[in-house]
Amino acid sequence: MTFVTCDLCDEHADKVSVVTGLNWFSYGGRQAFGGEIVTVKCFEDNSRVKEQLATDGKGKVLVVDGGGSLRNALIGDMIAENAVSNGWEGVIIYGACRDVRELAKLDLGVVTLGCVPIKSVRRGEGQLNIDVTFGGVTFRPGDFVYADANGVISSTEALL
Ligand SMILES: O=C([O-])CC(=O)C(=O)O
């Protein structure tokens, strides 16, 4: 998938919602990625993230509302490698990741607010496929999301 979010915004101004006010970092080996939204809402507990990325993710992007916490990492190289094996397009995390050198080698989009070396707790908490909101955008399961170094946008219909 080759695209630039700026072009998508220009061409589909009436259809896109644009995340604003957040400073994203792109850690994955895939710089531009997009697909159908699957959501997880959790706080410093990556149980649902690990579970979802262990399922088939072809054409899908996992959007994680981690409450903006940078206190632990909701994804690292092991979970990300599993996501690649299962065909996920990418992961967008309103929260943190770790193992950044390894993430850069994977054919996966990984956009987060930052990184931190400590792992997440796993107590089985978190919600799957509910609407999540950050950066002024509500991400709905089944809608579409596109991300690159310029930012993150969503749309109710596929743009590519
Ligand atoms: O296991 C975790 O919670 C996160 C991690 O470091 C990995 O995915 O390798």
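Rules used in this analysis
- Counting restarts for each chain, with residues numbered from 1 along the sequence as it is written.
- Per-residue local features of the predicted model are confined to residues with pLDDT of at least 70, and side-chain atom pairs are confined, for both listing and counting, to 80 or more; whole-chain, interface and lining totals are unaffected and use all residues.
- Here the side-chain values reflect all heavy atoms present in the structure, with hydrogen atoms and water set aside.
- Helix and strand assignments come from DSSP, with helices taken as H or I runs of at least 4 residues and strands as E runs of at least 2, each series counted from the N terminus.
- Categorising residues by exposure relies on relative accessible area from a 1.4 Å probe, with only protein chains included: less than 20% of the type maximum marks a residue as buried, more than 50% marks it as exposed, and the intermediate range marks it as partly exposed.
- Residue contacts are defined here by distance: any two heavy atoms, one from each residue, within 4.5 Å place the two residues in contact.
- UniProt positions are given in the numbering used here, feature names are shortened, and annotations may be inferred rather than shown by experiment.
- Here, nonpolar core means buried Ala, Val, Leu, Ile, Met, Phe, Trp, Tyr and Cys residues that are tied together by side-chain atoms lying within 4.5 Å of each other.

A.B. asks: Got a minute to help me understand the environment of Val40 in this structure?
C.D. replies: Looking at the element boundaries, Val40 is found in strand S3 (residues 33-41). In this structure Val40 comes out as buried when scored by relative accessible area, which is 0%. C-alpha of Val40 to C-alpha of Val64: the two residues are 24 residues apart in sequence and 4.8 Å apart in space. The contact partners of Val40, leaving out residues within four places of it in the chain, are Arg48, Val49, Gln52, Leu62, Val63, Val64, Asp65, Gln127, Leu128 and Val132.

A.B. asks: Teacher, can you tell me more about the UniProt feature "binding site: Mg(2+)" (unreviewed entry) in the chain here?
C.D. replies: When the UniProt feature table is mapped to this numbering, "binding site: Mg(2+)" (unreviewed entry) covers Asp99. Summarising the element assignment, Asp99 is placed in the loop between strand S6 (90-97) and helix H4 (100-103). Among the residues examined, Asp99 registers a relative accessible area of 27% and is labelled partly exposed. With near-sequence residues (within four places) excluded, Asp99 lies in contact with Gly76 and Asp77.

A.B. asks: What exactly am I supposed to notice about the nonpolar core here?
C.D. replies: Leu53, Leu62, Val64, Ile75, Val91 and Leu108 are the most contacted members of the largest nonpolar core, which totals 21 residues. Mapped onto this core, the elements with two or more residues apiece are S3, strand S4 (60-65), strand S5 (73-75), helix H3 (77-85) and S6. Excluding residues within four positions of it along the chain, Leu62 makes contact with Val38, Thr39, Val40, Val49, Gln52, Leu53, Trp88, Gly90, Val91 and Ile92. Counting residues in hydrophobic clusters, the runner-up holds 17 residues, among them Ile37, Ile92, Tyr94 and Val137.

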